[in-house]
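For reference, the chains in residue letters:
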Amino acid sequence: MNPYLRLIFLVAILFIVPSVFARLGDTPDQCDERYGSKYTEIGGQGFWAAERKYEKGGVQITIRFLRNESGARIAEYIGFKLTNTTTNRMTPSKIEGLLNSVAPEWIPITLITPPPVNEKLLPDPKRTLNSSTAKKRITIEQSAGLDKRKAEKEALDRQNLLNSIAAKNSEIQVLKNKIKKITTLSTDTAWQSPKAYAVSTTSSLVLFSAAFLTAYDHQAEIEKARQAKEDSSPLPGF
């Protein structure tokens, strides 16, 4: 078989049968079964126990393992990177296939856009007032007062809504920043499912579990406490 056609065939197999790949929760032996026994491994750098790199069908696969309660290593982070982006792209269909192999439903991680304002001008009593009768004047003034109170309530409700959206967007932005630090991918294309997160570019896709994010947060707290201790300690000799 032509080497070029063979490469295309292998890449097609990788993405047509995603259920065979991209399994969070796999053991090292299961990863070998999926990607082959040829890999490079380094010890954990940070909060993960170890990292393995495989290559299959023109795709480099990076897997990071955490230890579970029994001490066994479990894949909680899987990164896919295309080695030849000239002839291959991480298309939406490929991304969807890999995401579906981890969870059936994913929600885009995007900032919330406030709904548009329905502008409604209050009636001007000076223009609508009919001075011919006092009864007419009172009715219009009362109506204007009701309209004003309604507008004030709508304005308050909208401000509360905007405050709620701003608070939620702040949480979303913190999550997006964490994802960028974890994956080192500079992109706004990210998703979440109940137990996992994903981020993609035109050449890469990274999946990691909620357990991996929790481990990242724990490590960040340890580093923050260590830095605070160092900052509070006087320099020797001073």
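Placed above this text is the structure.
Calculation criteria
By convention here, each chain's residues receive numbers from 1 onward along its written sequence. Per-residue local features of the predicted model are confined to residues with pLDDT of at least 70, and side-chain atom pairs are confined, for both listing and counting, to 80 or more; whole-chain, interface and lining totals are unaffected and use all residues. Excluding hydrogens and water, the side-chain values take into account all heavy atoms of the structure. The helix count covers DSSP runs of H or I at least four residues long, the strand count covers runs of E at least two residues long, and both are numbered beginning at the N terminus. A simple rule labels every residue: compare its accessible area, found with a 1.4 Å probe on the protein chains alone, to the largest value its type can have, and call it buried under 20%, exposed over 50%, or partly exposed in between. The criterion used for residue contact is that any of the two residues' heavy atoms lie within 4.5 Å. Here the open area of atoms and residues is found with the Shrake-Rupley method and a 1.4 Å probe, where only the protein chains shown may cover a residue. In plain words, nonpolar cores are sets of buried Ala, Val, Leu, Ile, Met, Phe, Trp, Tyr and Cys residues tied together by side-chain atoms within 4.5 Å. We count a salt bridge whenever a side-chain nitrogen from Lys or Arg sits within 4 Å of a carboxyl oxygen from Asp or Glu. Buried and open spaces are told apart on a 1 Å grid over the protein atoms alone, a cavity being a set of points where a 1.4 Å probe fits but cannot get out and a pocket being an open set with protein on both sides within 12 Å along at least five of seven lines. Residues with an atom within 4 Å of a point are the lining residues. Grid points are joined across faces, edges and corners, and a volume is the space filled by probe spheres set on the points. In this description, strands pair whenever DSSP reports at least two bridges between them. Between N-to-C directions, angles span 0 to 180 degrees; the directions come from axes that are lines fitted to C-alpha atoms, helices contributing only their stretch in contact.

**Student:** Would you explain the overall build of the protein in this entry?
**Tutor:** Scanning the protein from N- to C-terminus turns up 6 helices and 8 strands. Ordering the α and β elements of the protein from the N terminus gives α-α-β-β-β-β-α-β-α-α-β-β-β-α. Relative to its full complement of 238 residues, the protein shows a buried share of 33%. Relative to all contacts within the protein whose residues are 6 or more apart in sequence, the contacts with residues 24 or more apart total 54%. Total accessible area computed for the protein in this model is approximately 15,500 Å², and 55% of it derives from carbon and sulfur atoms.

**Student:** For this particular structure, what's the right way to read the nonpolar core?
**Tutor:** When a protein is soluble and globular, its nonpolar side chains tend to lie buried together. Core analysis: the largest hydrophobic core is formed by 23 residues, its most contacted members being Tyr-35, Ile-61, Ile-63, Phe-80 and Trp-106. Taken together, the elements giving at least two residues each to this core come down to α2 (28-35), β2 (50-56), β3 (59-67), β4 (73-82), α3 (92-100), β7 (196-200) and β8 (204-209). One finds Phe-47, Leu-66, Ile-109 and Ala-215 within the second-largest nonpolar core, a separate group that totals 19 residues.

**Student:** So what exactly am I meant to see when it comes to the pattern of salt bridges here?
**Tutor:** A side chain of one charge can pair with a side chain of the opposite charge if their charged atoms are brought near each other. Using the criterion set out here, one finds 13 salt bridges in the structure. Measuring nitrogen to oxygen at the nearest pair gives 2.6 Å for the salt bridge that ties Glu-41 to Arg-52. Of this pair, Glu-41 sits in strand β1 (residues 40-43) while Arg-52 sits in strand β2, and the two are 11 residues apart along the sequence. Looking at Arg-52, the relative accessible area reads 5%, which means it is buried. Close ionic contact of Glu-51 with Arg-64 constitutes a salt bridge, the shortest N to O distance being 2.7 Å.

**Student:** Hey, could you run me through the layout of surface pockets in this one?
**Tutor:** Over the atoms a probe the size of a water molecule is rolled, and this reveals where empty space is left. In this structure, the second largest pocket encloses a volume near 240 Å³. Of the residues forming the lining of the second largest pocket, the biggest block, 4 residues, is contributed by β4.

**Student:** Would you mind going over empty space enclosed by the protein with me for this structure?
**Tutor:** Tallying each qualifying case throughout the model produces 1 cavity of 30 Å³ or more. Counted as a void, the largest cavity has a volume near 40 Å³. Around the largest cavity sit Lys-176, Ile-179, Lys-180, Thr-187, Asp-188, Ala-190 and Val-199, which together line it. Of the residues forming the lining of the largest cavity, the biggest block, 3 residues, is contributed by helix α5 (residues 134-183).

**Student:** How should the pairing of β2 be read in this particular structure?
**Tutor:** Side-chain positions along a regular strand alternate between the two faces of the sheet. Note: β1 against β2, 4 bridges, orientation antiparallel. Looking at β2, one finds that Ile-42 is bridged to Glu-51. Here β1 folds back onto β2, and the loop between the two strands holds 6 residues, one of which, Gly-46, carries a positive phi near 115 degrees. Bridge count for β2 against β3 is 7 bridges, and the pairing is antiparallel. When the sheet's bridge partners are listed, Lys-56 is paired in β3 with Val-59. The hairpin turn running from β2 into β3, its antiparallel successor, is 2 residues long, and Gly-57 in that turn takes a positive phi close to 60 degrees.

**Student:** Before we go on, may I ask you to explain the sheet that holds strand β6 (residues 190-193) in this structure?
**Tutor:** Remark on secondary structure: sheet strands pair via backbone hydrogen bonds, oriented parallel or antiparallel. Across the sheet, which stays open at both edges, the 8 strands sit in the order β1-β2-β3-β4-β8-β7-β6-β5 with antiparallel pairing between neighbours. The sheet is open, and its two edges are formed by β1 and β5 (107-108), each paired on a single side. In terms of strand pairing, β4 meets β8 through 5 bridges, oriented antiparallel. Pairing of Tyr-77 across the sheet is with Phe-208, part of β8. Seen against the sheet, α2 touches β2, β3 and β4 and runs at an angle of roughly 15 degrees to β2. Relative to β8, helix α6 (residues 210-232) is tilted by about 80 degrees, and along the sheet it contacts β3, β4, β7 and β8.

Without other data, these values stay purely geometric and don't point to any function.
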